[in-house]
Amino acid sequence: MNAFHFFIEYSIVGIASGGVYALIALGIVVIFKSSQTFNFAMGEMMMLSAYLFYTAAVTFSLGILAGMVAALLGSIVLALVIERVALRPMMGRPFIAIVMVTFGIGSIIRGVVGMIWGPNDLQIPAILARTPVLIGDFFIPGKTARAAAIAVCIVLALILYLRYSRAGVALRAAAADTITAASMGIDVRRVVAFTWVIAAITGCISGVLMANVNTLTPHLGVVALNVLAVIILGGMNSIGGVLVAGVIIGWLEAVTGLILGTEFREITPYILALLVLLVRPTGLFGSRGIERI
Amino acid sequence: MLTVEDVQLSFGGVKALSGVSVEAAKGRITAVIGPNGAGKTSLFNVISGFYKPQSGRVVLDGEDITRLKPHARAYRGMSRTFQNIALFSGMTVLDNVKLGAHTRLTGGVLSSGLRLPSSRREEAELDAEIRRDVLGMLELDRVQNSHVEDLPYGLQKRVELARALVMRPKILLLDEPVAGMNREEKREMGRFVTDVRDRLNTTVLLIEHDMGMVMGISDHIVVLSFGKPIASGTPERIRQDPDVIKAYLGGAEDAADDKAA
Amino acid sequence: MVSDVEAPVRGTTSSGLSRQRLLMAAGLVVLLALPLFVPRYWVFFAGLLGINIIATHGLNIMMGYTGLLSLGHAAFLGVGAYTVALAQIHLGLPFWLAIPLAGVSAAIVGVGFGLPSLRIRGLYLVIATLAAQFILNFVFVHWQSVTNGDVGLTVQPASVFGFPLNNETRVYYLILAVTVFMTVFGMNVINSRVGRAFVAIRERDLTAQVLGVEIVGYKLIAFALGSFYAGIAGGLLAYFNRFVNPEQFGLLLSVFFLSAVIVGGMGSMLGAVLGAVFMTLLPEALREGALAVGTTIGFDMATILVPLRETVFGLLIVCFLILEPRGLAHLWKRLRQRSHHPGG
């Protein structure tokens, strides 16, 4: 076993965890596309979904499948309530006000989860098998590999859905030009609500996957903040770019964990973000648009 | 005073301005007119420094300012109003007007935070000067402590003019100063603009839709159409120019906001 | 842009001004005499409140007046607090040098994080400040040799001519003096050329440029000034708690100051004070309330106090932004207007 071998192995594991990040990123970017809202509460939505799953599957002994359905439904209802109650009244307000609202929602969810389920780790029923996966002579922990596979499948399915469904077309129209879309008979408010549903689904699945790979804690959602930091810098325009950003974070976290020590994992995305800001102040893929005066 | 020389400006292949030259003579009122989409607002944004032209120059008082940032142009004596009212709501008339004196004051964080005598004197002198000169001339003294958002539209436009004047500009750019005004307000604004020229000897460059206003107060007029200058001269010449009449066919009375640029 | 904030309001008539001065003088006398007639516990609170007011002023200058959202304010307080601790341990600096140094070092660190993103508009600054929050906290925890990790550092009381400020009352006077100074300083800046430039940037940055305001420069000034306030508050906190550890400066504290600015009223000096008072008393009220409820229903509420706080902070942010974006300062003004014109 040489250092290079380790490096490759960690890289593969990192890219695999990046699959889940890509799922989170997708949830963030669809909301941004429909309403230019940066959802700082994505991580907390994820975390709450995982707790809903735990409660349905374990506390109410519904089992894994019914538990997942219940968690999905709960997450969707919650996302719709958030959108309707907190974000729709903020339409047209300065973006920093909207960012603060989502940030406040995150704080509320974190607090409520802490009050109901307490600060200690919980063990959720194992969905993913632990048997490690071998690629050549590289070992990948079983849960990580399977979580990545599921995440990638769902990301692909959602991308196809967004590309070919009527809802996806409406979303693209609304993202390109809200006023024109509205004049073409597209109900922009419904499109926005729809993207919150998508975010709820990706959040729920990524939350349950993350809780499976690690454990279920109130800090589960912090990764979404990291993902958000990096994808804002990647430029929020293209879904593809955002997914790549998700994978890059996974890889970087794993590699810095190997080289500098695991404690550095948590700040890797932020160091990356600052470096990007220094080198390319308009973001990696962003461009300076012409503004109307 | 201000010369625009052969300016070309395009956005991703669409030509907004091609070969536009305008000269605003010292102490005169020069107007740029033209139908919707003629490039008037683009021209103003080039002059203020928001757009960088692909070629051509903007010269202020003998100095090439084409590459300067907007705030640096303010320090060289360029002042401007906006087509849509750009006042700061929640602030009083006096505070809004004082913002116009930014380039003339020197107070920094320390001197103003500690209320050093220099900064106190500076602010007091400015207050007195604004009350004495600008507010009086523009007949705003009675509303100086009102919040700007409580004022009628015509008065708000006047506050904007006051703010632009406090800078003591060499050149004052007015972006559709009478857009959206009623007849009475237009007449008043016309009077104030000529006052600025006659009493302060300030050079004025304005773009405007309203032909009556332009013909009444301008010393010199430049006509743009589709990003090109098609005529220039005194109001009398312009009124009889066949190209101008053609370009304006049916559009002369249209005082709607020129949104295209 | 839709205005969410109160602009500085002045133009007070001369008689109103002298009445205002009289009121302020009376208020100052009350504050000076406070330790004589309230219990020690309350003096402790007043000290904490002063520190929170300074920090809230800082965030309000950045966010309320200039429109620069910071999610890392707590970390800049941390920089100030560690500066005081380290300056005392290694250099033996007295408080009157250590506290300004705390402000300056926080301003420098703040500008270091903010500079790359202040050049551009949008969310980049939010990300940079979030990065500051996490990275600085990481440094506090992991730079063991300097910060002593999770255990933190002990701070000796500040001393005036050999007279130690070693209890609530004594340190209260230090905090009071600094708080009054920083508040007056802030008011002066806001009512000056610099403050007007801040508001101009927040409201319409294009217009601001036309008026000669150099946008990046003034954003930098606002950010440095706000971080300076945070550093001063952090420095005082070090003398107040007499120890410094990373736990004090987490994301929750940043959310706390965010709530204080929003609840008080963005872009209002009075709002920052009201917001800080409200937010400082709130956790106490929550604790008392929750414990009282807990005893009646027989549940140990102490375990959920932290998440309860988090929930309420979040609710306040969301509710005020939606329902009363101009905050308590605006409510206060309306209340006073009503009392001046009864029935009007």
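Quantities reported herein were computed from a predicted structural model and do not represent experimental measurements.

Trainee: For this particular structure, what's the right way to read the pairing of strand β7 (residues 171-175) of chain B?
Mentor: The side chains of a regular strand alternate between the sheet's two faces. All names here are of chain B. Of all 5 residues that make up β7, 5 are buried, and the element is covered over most of its length. Bridge count between β7 and strand β8 (residues 203-207): 5 bridges; the pairing is parallel. Within β8, the residue paired with Asp175 across the bridge is Ile207. In this fold, β7 hands off to helix α7 (residues 183-200), which returns the chain to β8; that crossover is right-handed.

Trainee: Honestly, the interface of chain C and chain B in this entry has me stumped. Any pointers?
Mentor: Accessible area lost upon the coming together of the parts is a frequently used measure of interface size. Opposite the 27 residues of chain C that make contact, chain B presents 32 residues. Top element by residues in the side of chain C that touches chain B is helix α8 (residues 193-203) of chain C. It accounts for 7 residues. Each residue belonging to the side of chain C that touches chain B can be placed in one class, and the counts come to 13 nonpolar, 7 polar and 7 charged.

Trainee: Explain the interface of chain A and chain C here, please?
Mentor: Contact residues are listed per partner, giving 37 residues for chain A and 38 residues for chain C. Elements that contribute at least two residues to the side of chain A that touches chain C include exactly α4 (95-117), α9 (222-234) and α11 (268-279) of chain A. A per-element tally of the side of chain A that touches chain C places α4 of chain A first, with 14 residues. Split by residue class, the side of chain A that touches chain C holds 27 nonpolar, 6 polar and 4 charged.

Trainee: How should I be thinking about the packing of α8 of chain C against helix α10 (residues 215-241) of chain C in this particular structure?
Mentor: When two helices pack together, their arrangement is given by the angle between the helix axes and by the axis-to-axis distance. Residue and element names in this part refer to chain C. Between α8 and α10, whose axes approach to 10 Å, the crossing angle comes to 110°. Classed by the angle they form, the pair α8 and α10 counts as roughly perpendicular. As for the relative orientation of α8 and α10, their crossing is left-handed in sense. Touching Val194, Ala197, Phe198 and Ile201 of α8 are Ile215, Tyr218, Lys219, Ile221 and Ala222, all from α10.

Trainee: How should I be thinking about the sheet that holds strand β5 (residues 63-64) of chain B in this particular structure?
Mentor: Across a sheet, strands are paired by hydrogen bonds formed along the backbone, either parallel or antiparallel in direction. Residues and elements named next belong to chain B. Pairing is antiparallel across the open sheet formed by 4 strands, whose spatial order is β2-β1-β4-β5. The open sheet has two edge strands, β2 (14-24) and β5, and neither has a second partner. Here strand β4 (residues 55-60) runs beside β5; their pairing, made up of 2 bridges, is antiparallel. Residue pairing in the sheet places Leu60 in a bridge with Glu63 of β5.

Cut-offs and rules
- Residues numbered from 1 in each chain as written.
- Chains lettered and ligands numbered in written order.
- Predicted model: local features only at pLDDT ≥ 70, side-chain atom pairs only at ≥ 80, totals over all residues.
- Buried ≥ 20, exposed ≤ 12 C-beta atoms within 10 Å, placed from the backbone.
- Helix = DSSP H or I, 4+ residues; strand = E, 2+ residues; numbered from the N terminus.
- Pairing = 2+ DSSP bridges.
- Right-handed = clockwise from strand over helix to strand, strands pointing away.
- Contact = placed C-beta atoms within 7 Å.
- Nonpolar A, V, L, I, M, F, W, Y, C, P; charged D, E, K, R; others polar.
- Axes fitted to C-alpha atoms, helices over the stretch in contact; angles between N-to-C directions.
- Parallel < 35°, antiparallel > 145°, perpendicular 65-115°, else oblique.
- Left-handed = near helix turned anticlockwise from the far one by under 90°.

Nothing here speaks to function; it is all geometry.
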